[in-house]
Amino acid sequence: MPSAVMLNGTLCAPEQATISVLDRGFLYGDSVYEVIRTYGGVPFELGRHLQRLDESARRIGMALPCDVATIEAEVWGAHEATRNPESYLRVVCTRGSGEISLDPAVARDPQRIVIAQALNAPPQVVYEEGVRVALVGVRRNLKAAIDPQAKTGNYLNSVLAFGEARRGGFYEAIMLDHRDLVTEGASSNVFAVFGSTLVTPPLEAGILKGVTRTVVTEVASQGGLQVLNLPLTESALLSADEVFITSSIREIVPVVAIGETEIGREPGPIYREVRRLFGAYVKTYIANHYVAPRP
Ligand code: PMP
């Protein structure tokens, strides 16, 4: 399946899309990014993703290299160039390059990249049987260190947590903060279900404001379920009736065990209801945002 790269507005073959070794995205992770998927060829919630990209840039005192509307057109263009029915889309904006120095003020030539690849969604068994996740030893970054609300190229915190989970044979890492409160997954948000109430940690817990988290909150609330943003302790999470994780690529994935603790033998009724509501929302979204590909 072909891939396409849009580098500073120009389509190129992936092997020809090159960035300087002096770029600060490479040297320091001094960049911001987004990951988006398409449904029916429509980049899902592109507006919210690009708004978060802009906010991430602001949070690290970086100007985006161009306006958001330009990036929006480039995301569609990269997807269409692949001719794949569905794409995984990654947008990266770096602060640029210059003299090798920590000083952000020396940065010139900010780079923007859109990578489009064939979507590789999780296999059906993940949704039917659920997954096992691990509470890992690696702690979430302090908000006052690198705020997890900024989606930056500096992802080592998540890389280390995910590596720890994978070495133990787990699907995803759930990270605690320095006070032992639950934050989020290495690349997902977490929801715990008590009765018919959904609880997910608040943004102040030091988490990414996941687009899927926001959509799930909206559709669940509209569907008559209560959704609360509350601090979640490890023991509360382990005693939940149901747990699921959310992210753009994996959507909503039911969790049936956290470490050695079972959370229900199979995906629960609230998960199934939320998934149904989410699926209906996606259908409406596609219908409202479909644009016929250019010939
Ligand atoms: N938290 C982290 C740390 C992530 O990397 C991701 C994936 N972008 C998420 C949560 C889920 O966010 P979204 O639903 O916007 O993909």
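Preceding this section is the structure that the text describes.
Calculation rules
Numbers given for residues are sequential positions, taken from 1 along each chain in its written order. Two thresholds apply to this predicted model, a pLDDT of at least 70 for residue-level local features and 80 or more for giving and counting side-chain atom pairs, whereas whole-chain, interface and lining totals are computed over all residues. The side-chain numbers reported here are obtained from all heavy atoms of the structure, hydrogens and water having been left aside. Helix and strand assignments come from DSSP, with helices taken as H or I runs of at least 4 residues and strands as E runs of at least 2, each series counted from the N terminus. Just to be clear, the radius of gyration here is over C-alpha atoms, and the globule rule we use is 2.2 Å times residues to the power 0.38. Each residue gets one of three labels from its accessible area relative to the maximum for its type: buried under 20%, exposed over 50%, partly exposed in between, using a 1.4 Å probe on protein chains only. Every residue pair with non-hydrogen atoms within 4.5 Å of one another is taken to be in contact. For accessible areas, the Shrake-Rupley method is used with a probe of radius 1.4 Å. Any residue's cover is judged against the shown protein chains and nothing else. Any residue with a non-hydrogen atom lying within 4 Å of a molecule or strand is treated as near it. We define a polar contact as two N or O atoms separated by no more than 3.5 Å, with the added condition that, inside protein, one atom must be a possible hydrogen donor and the other a possible acceptor, whereas residues neighbouring each other in sequence contribute only through side-chain atom pairs. Residue polarity is assigned by list, with Asp, Glu, Lys and Arg as charged and Ala, Val, Leu, Ile, Met, Phe, Trp, Tyr, Cys and Pro as nonpolar; anything else, Gly included, falls into the polar class. To pair, rings of Phe, Tyr and Trp, with the six-membered ring standing in for Trp, must have centres within 6.5 Å; the planes then decide the type, stacked if under 30 degrees apart, edge-to-face if over 60, and tilted in the middle. Take the residue count of a helix, subtract one, and multiply by 1.5 Å to get its expected span. Note: the arc covers the axis-to-C-beta directions of the helix.

Caption draft 1: Examining the overall build of the protein more closely. Along its length, the protein carries eight helices and 15 strands. Since a compact globule built from 295 residues should have a radius of gyration of about 19 Å, the 19 Å found for the protein is in line with a globular shape. Its C-alpha atoms give the protein principal-axis dimensions of roughly 50 × 45 × 30 Å. The buried share of the protein, reckoned over its 295 residues, is 52%. The long-range fraction of contacts in the protein, counting pairs at least 24 apart against all pairs at least 6 apart in sequence, stands at 70%. As displayed, the protein offers around 13500 Å² of accessible surface, 54% of which is attributable to carbon and sulfur atoms.

Caption draft 2: Up close: the site of the ligand. The immediate surroundings of the ligand are formed by 18 residues, with Lys151, Tyr155, Glu184, Thr212 and Ser248 found nearest. In the environment of the ligand, a nitrogen atom lies 2.8 Å from a nitrogen or oxygen atom belonging to the side chain of Lys151. At the level of elements, α2 (46–59), β9 (182–185), α6 (211–222) and β13 (242–247) are the ones that each hand at least two residues to the shell around the ligand. Classifying every residue of the shell around the ligand gives four nonpolar, ten polar and four charged.

Caption draft 3: Expanded view of the packing of aromatic side chains. A complete count under the given rule lists eight aromatic pairs for this structure. Geometrically, the ring pair formed by Phe44 and Tyr281 is edge-to-face, given 6.1 Å between the ring centres and 80° between the ring planes. You can see Phe44 sitting in the loop between β4 (42–43) and α2 and its partner Tyr281 sitting in helix α8 (residues 269–289), a full 237 residues away along the chain. Residue classification places Phe44 among the buried residues on the basis of a relative accessible area of 8%. Where Phe244 meets Tyr271, the ring centres are 6.4 Å apart and the plane angle is 55°; that geometry is what we call tilted.

Caption draft 4: Representation of α2. Under the 1.5 Å per step criterion, the end-to-end length of α2 is 20 Å for 14 residues, consistent within 8% with the ideal 20 Å. Of the positions making up α2, those classed as buried are Leu46, His49, Leu50, Arg52, Leu53, Ser56 and Ala57. End-on, the buried residues of α2 take up no more than an arc of 155°, which puts them together on one face. Once α2 ends, the next one or two residues include Gly61, with phi positive near 65°.

Caption draft 5: Spatial organisation of unusual backbone geometry. One non-glycine residue with positive phi stands out, namely Asn8, at about 50°. For Asn8, the location among the structural elements is in the loop between β1 (4–7) and β2 (10–12). Residue classification places Asn8 among the partly exposed positions, given a relative accessible area of 30%. At Arg83, a position not held by glycine, the phi torsion is positive, near 60°. Judged by its relative accessible area of 64%, Arg83 is exposed.

Read these as geometric descriptors, not functional statements.
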